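The primary structure of each chain is shown beneath.
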There are 2 protein chains.
Amino acid sequence: MTGPRYTPLAQSLPATVPFVGPETQERARGHAFAARLGANENIFGPSPKAIEAMAAAAADIWKYGDAQSHDLRHALAAHHGVAPEHILVGEGIDGLLGYLVRLLVGPGDAVVTSLGAYPTFNYHVAGFGGVIHTVPYKDDREDYEALFAKAAEVDARIVYLANPDNPMGSWHRGAEIAAALDHLPEGCLLLLDEAYVECAPEGTAAPVSADDRRVIRMRTFSKAYAMAGARAGYAIGHPELISAFNKVRNHFGMNRAAQAGALAALQDQDWLAEVLAKIAEARGRIAKIAEDNGLRALPSATNFVAIDCGRDGAFAKAVLETLVDQGIFVRMPFAAPQNRCIRVSCGPAAELDAFAAALPRALAAAQAG
Amino acid sequence: MTGPRYTPLAQSLPATVPFVGPETQERARGHAFAARLGANENIFGPSPKAIEAMAAAAADIWKYGDAQSHDLRHALAAHHGVAPEHILVGEGIDGLLGYLVRLLVGPGDAVVTSLGAYPTFNYHVAGFGGVIHTVPYKDDREDYEALFAKAAEVDARIVYLANPDNPMGSWHRGAEIAAALDHLPEGCLLLLDEAYVECAPEGTAAPVSADDRRVIRMRTFSKAYAMAGARAGYAIGHPELISAFNKVRNHFGMNRAAQAGALAALQDQDWLAEVLAKIAEARGRIAKIAEDNGLRALPSATNFVAIDCGRDGAFAKAVLETLVDQGIFVRMPFAAPQNRCIRVSCGPAAELDAFAAALPRALAAAQAG
């Protein structure tokens with residue numbers, strides 16, 4: 001009765017969670033958040049056509065989803081001007097990251113990312129025994145030159161680059177990243193996480209051929225399309241790599257209503273344009289709120305804004321905690337010096353009003369503490 | 001430009017799919033199936049309250065799902081009379097199987113299952129480098145005594161037992177399985193897949209304590225609750241094992257509407273009882289159709305019926321193919337001698353009428369071929 005035997009790798013892993021969810025925090029606090037601005041969810045909401053498609057699909061939920069996500073995959077291929085063989089639909093970028101790491105990273109294999117970048121990617125790498133090497137941000141931007149140089153130095157299997165970046169909201173011109181690919185070492189895949197790219201200025205998406213074996217791009221319906229809870233993301237890449245996911249993926253893992261909703265959302269580009277305008281406006285509003293409090297908002301190409309609280313991580317953490325105490329759910333970067341900031345998701349006026357009302361008290365409390 | 005480097009394990013794996021989905025077959029055929037009776041989906045459909053909950057959740061889909069599936073998990077715990085720490089909610093049993101195998105099975109580790117049992121489990125085992133050892137069915141039932149003996153012989157990490165069984169629909173009394181646990185070797189986990197147990201006679205669910213370290217049970221909303229496309233399953237087991245899933249699971253992987261729908265479905269036990277009565281009736285109807293054609297239906301404790309076509313696998317395959325040609329989606333067991341059967345899911349009268357109309361022609365074609 002000693003119980004099951006875990007693999008050596010499983011034994012070595014902590015039981016952890018990359019992020020504490022807002023519901024978990026709400027249960028701990030004993031009441032709901034007044035403003036849910038911490039998970040870069042898109043409060044402006046999905047296309048009404050997507051909502052309608054998901055509601056209609058609910059009655060059909062007795063059917064498994066299409067294992068090939070055929071209709072969505074073909075629509076995405078047309079949208080991006082590539083062949084369906086370049087596209088893989090999966091259970092959000094988180095799910096796709098897990099599959100990709102599993103395909104490429106075994107115990108001891110090196111992987112490179114930025115210090116303080118997406119923790120869920122690091123979670124997957126650790127989960128398959130990979131070794132994370134980090135490069136610091138440079139001027140609050142992920143430093144692709146340093147990342148590629150580090151990849152060469154440690155013989156990395158994957159280099160992770162989010163453009164635009166999370167948690168800082170910064171970005172590079174896509175053409176610069178494409179030009180830098182010559183410095184990516186042989187046998188190292190650039191994992192280009194473009195989760196927020198719809199929110200970014202024209203020219204941010206890297207002009208990389210879908211046939212380029214050196215790069216895989218990840219996109220999602222969670223952010224600009226406002227469907228985080230649906231779990232629908234996709235990868236664009238070389239057909240050989242795309243096909244390799246069939247070795248490990250959960251073929252019937254897609255929620256059927258999510259497939260229908262994502263397709264409808266993709267087909268409603270007018271709604272997307274409206275939401276992007278609202279996001280841009282909200283970024284301006286958040287910057288104004290920061291300025292009104294003597295703080296500086298960083299430029300953002302995403303649906304969130306990092307606000308520089310002007311001191312160290314302990315100070316920003318005190319600000320954040322007082323915001324949370326007041327019912328404002330926000331998060332902050334993990335690593336110095338980016339952790340001098342708090343990160344606030346875009347949202348409608350009511351949520352930003354609540355944030356604006358709470359911020360002075362949070363700053364005062366942090367300054368007093 | 002040689003492309004990414006795969007792990008040795010990934011290189012060794014085929015790009016495969018455990019099942020070809022009905023939509024894939026429909027695209028190949030050029031038109032839709034008249035009766036979708038092949039994937040053990042539950043055509044009687046989910047509770048209207050579950051449909052309503054999913055439709056209502058569609059508007060809220062901009063939020064990530066609760067990483068802890070707190071409400072559903074607590075409701076399941078109450079339903080089963082266990083503590084929430086005994087329950088893990090995940091992305092269908094398929095998703096949970098992947099996590100469990102990953103925790104326990106490394107390259108070369110032995111796993112035991114029945115020859116011809118659930119292929120997706122075997123897919124996960126192969127995907128993590130495990131070695132499958134099989135035991136034949138005995139009188140068309142999974143043979144737990146032989147499975148446990150084989151597990152001892154090969155020093156297995158996991159022994160897989162579906163009760164009721166898929167694809168045959170057979171079952172054991174739960175008390176017999178519980179009694180046999182004394183013969184389960186030390187350090188081997190019994191993975192008891194109870195996906196169909198709600199459809200089975202009273203006493204089929206094994207009376208195993210949720211604190212028993214030797215067993216993990218898997219349940220799902222895909223079958224009796226008719227929510228296959230939602231991707232909601234759960235595991236019941238010792239808190240230590242349940243907690244270990246947090247080392248590898250995709251914490252934010254649950255679709256938010258699926259969480260709400262599963263909770264509503266669980267709370268509508270009246271609907272479940274009605275559906276179970278319809279399933280029992282449909283089993284009788286399928287048996288009658290078989291009998292009318294000179295065939296024998298096997299007893300079933302599931303939402304499907306295996307029909308013995310009376311000859312070998314090639315004959316049953318010919319029957320199946322002619323059924324598919326006539327727009328009747330059915331499947332059949334993979335391994336001899338169970339592959340003398342075809343497997344027909346329960347469904348409403350219209351679908352079974354279509355099957356009844358097509359079967360004589362399929363048998364004639366198989367006999368002529």
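Rules used in this analysis
- Residues numbered from 1 in each chain as written.
- Chains lettered and ligands numbered in written order.
- Predicted model: local features only at pLDDT ≥ 70, side-chain atom pairs only at ≥ 80, totals over all residues.
- Heavy atoms only, no water.
- Helix = DSSP H or I, 4+ residues; strand = E, 2+ residues; numbered from the N terminus.
- Buried < 20%, exposed > 50% of the residue type's maximum accessible area, 1.4 Å probe, protein only.
- Contact = heavy atoms within 4.5 Å.
- Areas by Shrake-Rupley, 256 points an atom, 1.4 Å probe, with all protein chains shown as cover.
- Lys, Arg positive; Asp, Glu negative; His and termini not counted.
- Charge placed at Lys NZ, Arg CZ, Asp CG, Glu CD.
- Least-squares fit on C-alpha atoms with pLDDT ≥ 70 in both.
- Pairing = 2+ DSSP bridges.
- Axes fitted to C-alpha atoms, helices over the stretch in contact; angles between N-to-C directions.
- Domains from an automatic or database assignment.
- Buried area = accessible area lost by both parts, 1.4 Å probe.
- Salt bridge = Lys/Arg side-chain N within 4 Å of Asp/Glu carboxyl O.
- Polar contact = N/O pair within 3.5 Å; in protein donor to acceptor, adjacent residues only side chain to side chain.
- Nonpolar A, V, L, I, M, F, W, Y, C, P; charged D, E, K, R; others polar.
- Core = buried A, V, L, I, M, F, W, Y, C linked by side-chain atoms within 4.5 Å.
- UniProt positions renumbered as here; feature names shortened; annotations may be inferred.
- Disulfide = S-S within 2.5 Å.

Visitor: It is not clear to me how the overall build of chain A should be interpreted in this structure. Could you clarify?
Guide: Check the secondary structure of chain A and you find 13 helices and 12 strands. If you line up chain A on its principal axes, its C-alpha atoms span 60 × 55 × 50 Å. Relative to its full complement of 369 residues, chain A shows a buried share of 65%. A separation of at least 24 residues holds for 73% of the contacts in chain A among residues at least 6 apart in sequence. On chain A, roughly 12,700 Å² of surface is accessible, and the fraction owed to carbon and sulfur atoms is 53%. Here chain A holds 33 positive side-chain charges and 41 negative ones, and the gap between their average locations is 4 Å.

Visitor: Would you take a moment to explain the side chain of Asp143 of chain A for this structure?
Guide: Among the structural elements, Asp143 of chain A can be located in the loop between strand 4 (131–135) and helix 7 (144–154). Those residues within four positions of Asp143 of chain A in sequence are excluded, and the remaining contacts are Val135, Pro136 and Lys138 of chain A.

Visitor: Just to check I follow, could you spell out the relation of the copies chain B and chain A for this structure?
Guide: Copy one and copy two of the chain differ by a rotation about an axis and a translation along that axis. The operation relating chain B to chain A is a screw motion whose rotation component is 180°, with 0.0 Å of axial translation and a residual RMSD of 0.0 Å. Taken together, these values place the two copies in the relation of a two-fold axis. Rotation axis and chain B: the residue whose C-alpha lies nearest the axis is Ala55 of chain B, separated from it by 2.1 Å. Looking at chain B, 100% of its interface residues are interface residues in chain A too, so the copies touch through the same face.

Visitor: Honestly, the sheet that holds strand 7 (residues 215–220) of chain B in this entry has me stumped. Any pointers?
Guide: Strand-to-strand pairing in sheets goes through backbone hydrogen bonds, with the strands running parallel or antiparallel. Residues and elements named next belong to chain B. In space, the seven strands of this open sheet follow the order 2-8-7-6-5-3-4, with mixed pairing throughout. Bordering the open sheet on either side are strand 2 (87–90) and strand 4 (131–135), each of which pairs with just one other strand. Pairs of neighbouring strands in the sheet enclose a mean axial angle of 20°, with direction left out of account. Here strand 3 (residues 110–114) pairs with strand 5 (residues 158–162) via two bridges, running parallel.

Visitor: Is there a simple way to think about the pairing of strand 7 of chain B in this case?
Guide: Residues and elements named next belong to chain B. Across the six residues of strand 7, six count as buried, placing the element largely inside the fold. Side chains of strand 7 alternate between two faces, with Val215, Arg217 and Arg219 and Ile216, Met218 and Thr220 buried alike. Here four bridges tie strand 6 (residues 189–193) to strand 7, and the two strands are oriented parallel to one another. Bridged to Leu192 within strand 7 is Arg217. Sheet topology note: the strand 7/strand 8 (residues 233–237) ladder contains five bridges and is antiparallel. Bridged to Ile216 within strand 8 is Gly237.

Visitor: So what exactly am I meant to see when it comes to the domain arrangement of chain A here?
Guide: A common way to state how big an interface is: give the accessible area lost once the parts meet. All names here are of chain A. Per the domain assignment, the segments of chain A are domain 1 (19–45 + 270–368) and domain 2 (48–267). Domain 1 puts 27 residues into the contact, and the matching count from domain 2 is 26 residues. Interface area, domain 1 with domain 2, both sides summed: about 2,100 Å², of which 66% is carbon and sulfur. Taken together, domain 1 and domain 2 are joined by one salt bridge. Across the pair Asp140 and Arg340 runs a salt bridge, and its minimum N-O distance is 2.5 Å. At the surface where domain 1 touches domain 2, the tally comes to 11 residue pairs in polar contact (both at pLDDT 80 or more). Breaking the side of domain 1 that touches domain 2 down by element, the ones donating at least two residues are helix 11 (269–292), strand 10 (304–308) and strand 12 (341–345). Sort the elements by how many residues they give to the side of domain 1 that touches domain 2 and helix 11 lands first, with six residues.

Visitor: For this particular structure, what's the right way to read the pairing of strand 8 (residues 233–237) of chain A?
Guide: Each regular strand carries side chains that alternate between the two faces of the sheet. Counting buried positions over the five residues of strand 8 of chain A gives five, a clear majority of the element. Burial along strand 8 of chain A is two-sided: Gly233, Ala235 and Gly237 of chain A and Tyr234 and Ile236 of chain A, pointing in opposite directions, are all buried.

Visitor: Explain the side chain of Ser47 of chain A here, please?
Guide: Residues and elements named next belong to chain A. Along the polypeptide, Ser47 turns up in the loop between strand 1 (35–36) and helix 3 (48–58). In this structure Ser47 comes out as buried when scored by relative accessible area, which is 1%. Engagement of the side chain of Ser47 in a polar contact is seen with the side chain of Asp268, the distance being 2.7 Å. The contact partners of Ser47, leaving out residues within four places of it in the chain, are Ala265, Asp268 and Trp271.

Visitor: Can you help me understand the interface of chain B and chain A in this one?
Guide: Each side of the interface is counted separately: chain B has 84 residues, and chain A has 84 residues. Taken over both partners, the interface formed by chain B and chain A buries close to 7,200 Å², and the fraction arising from carbon and sulfur atoms is 55%. Considering only the surface of chain B that becomes buried against chain A, Arg5, Trp62 and Tyr64 of chain B emerge as the three largest contributors, covering 13% of it. On the surface where chain B and chain A come into contact, there are six salt bridges. A salt bridge links Arg256 of chain A to Glu23 of chain B; the nearest nitrogen and oxygen atoms lie 3.0 Å apart. Connecting chain B to chain A are 49 residue pairs in polar contact (both at pLDDT 80 or more). Put simply, the parts of the chain that give the side of chain B that touches chain A at least two residues each are helix 1 (8–12), helix 2 (22–29), helix 3 (48–58), helix 5 (92–104), helix 6 (119–127), helix 9 (239–244) and helix 10 (256–267) of chain B. With five residues, helix 5 of chain B is the largest single contributor of residues to the side of chain B that touches chain A. A per-class count over the side of chain B that touches chain A returns 38 nonpolar, 24 polar and 22 charged.

Visitor: I tried to follow the environment of Val101 of chain A on my own but got confused; where do I start?
Guide: Residue and element names in this part refer to chain A. With respect to the secondary-structure elements, Val101 resides in helix 5 (residues 92–104). Separated by 65 residues in sequence, Val101 and Arg36 place their C-alpha atoms 31 Å apart. Setting aside anything within four residues of it in sequence, one finds Val101 in contact with Phe121, His124, Val125, Phe128 and Ile158.

Visitor: Just checking my understanding: could you explain the nonpolar core for this structure?
Guide: Across soluble globular proteins, nonpolar side chains have a tendency to be buried as a group. Phe221 of chain A together with Phe221 of chain B are the most contacted members of the largest nonpolar core, which has 231 residues in total. Once residues lying within four places of it in the same chain are set aside, the contact partners of Phe221 of chain B are Leu72, Leu76, Ala226, Met227, Ala228, Ala232, Tyr234, Ala262, Ala265 and Leu266 of chain B.

Visitor: Explanation requested: the UniProt feature "domain: Aminotransferase class I/classII large" (unreviewed entry) in chain A in the structure shown.
Guide: Here the UniProt feature "domain: Aminotransferase class I/classII large" (unreviewed entry) sits at residues 37–359 of chain A. In residues 37–359 of chain A, helix accounts for 40% and strand for 15%; the two terminal C-alpha atoms are 13 Å from one another.

Visitor: Just to check I follow, could you spell out helix 4 (residues 70–80) of chain A for this structure?
Guide: Count 3.6 residues to each turn of an α-helix, and residues three or four apart come out pointing the same way. Residues and elements named next belong to chain A. Among the residues of helix 4, Leu72, Ala75, Leu76 and Ala77 are the ones counted as buried. Of the surrounding elements, those touching the buried residues of helix 4 are strand 2 (87–90), strand 8 and helix 10 (256–267). Gly81 lies just past helix 4 and shows a positive phi near 65°.

Visitor: Please clarify how the state of the cysteines should be interpreted in this entry.
Guide: By definition, a disulfide links the sulfur atoms of two cysteine residues through a covalent bond. All names here are of chain B. The final tally for this structure, using the stated rule, is zero disulfides over all chains. For Cys346, which is in no disulfide, the shortest distance to another cysteine sulfur is to Cys199 and amounts to 7.6 Å. On the basis of relative accessible area, Cys346 is assigned to the buried category, the value being 1%.

Visitor: Would you mind showing me how to read the sheet that holds strand 9 (residues 296–297) of chain B here?
Guide: Residues and elements named next belong to chain B. Spatial strand order, 9-10-12: three strands in an open sheet with antiparallel pairing. Looking at the sheet topology across the chains shown, the edges are occupied by strand 9 and strand 12 (341–345). Sheet topology note: the strand 10 (residues 304–308)/strand 12 ladder contains five bridges and is antiparallel. Its bridge partner lying in strand 12, Phe304 is registered against Ser345.

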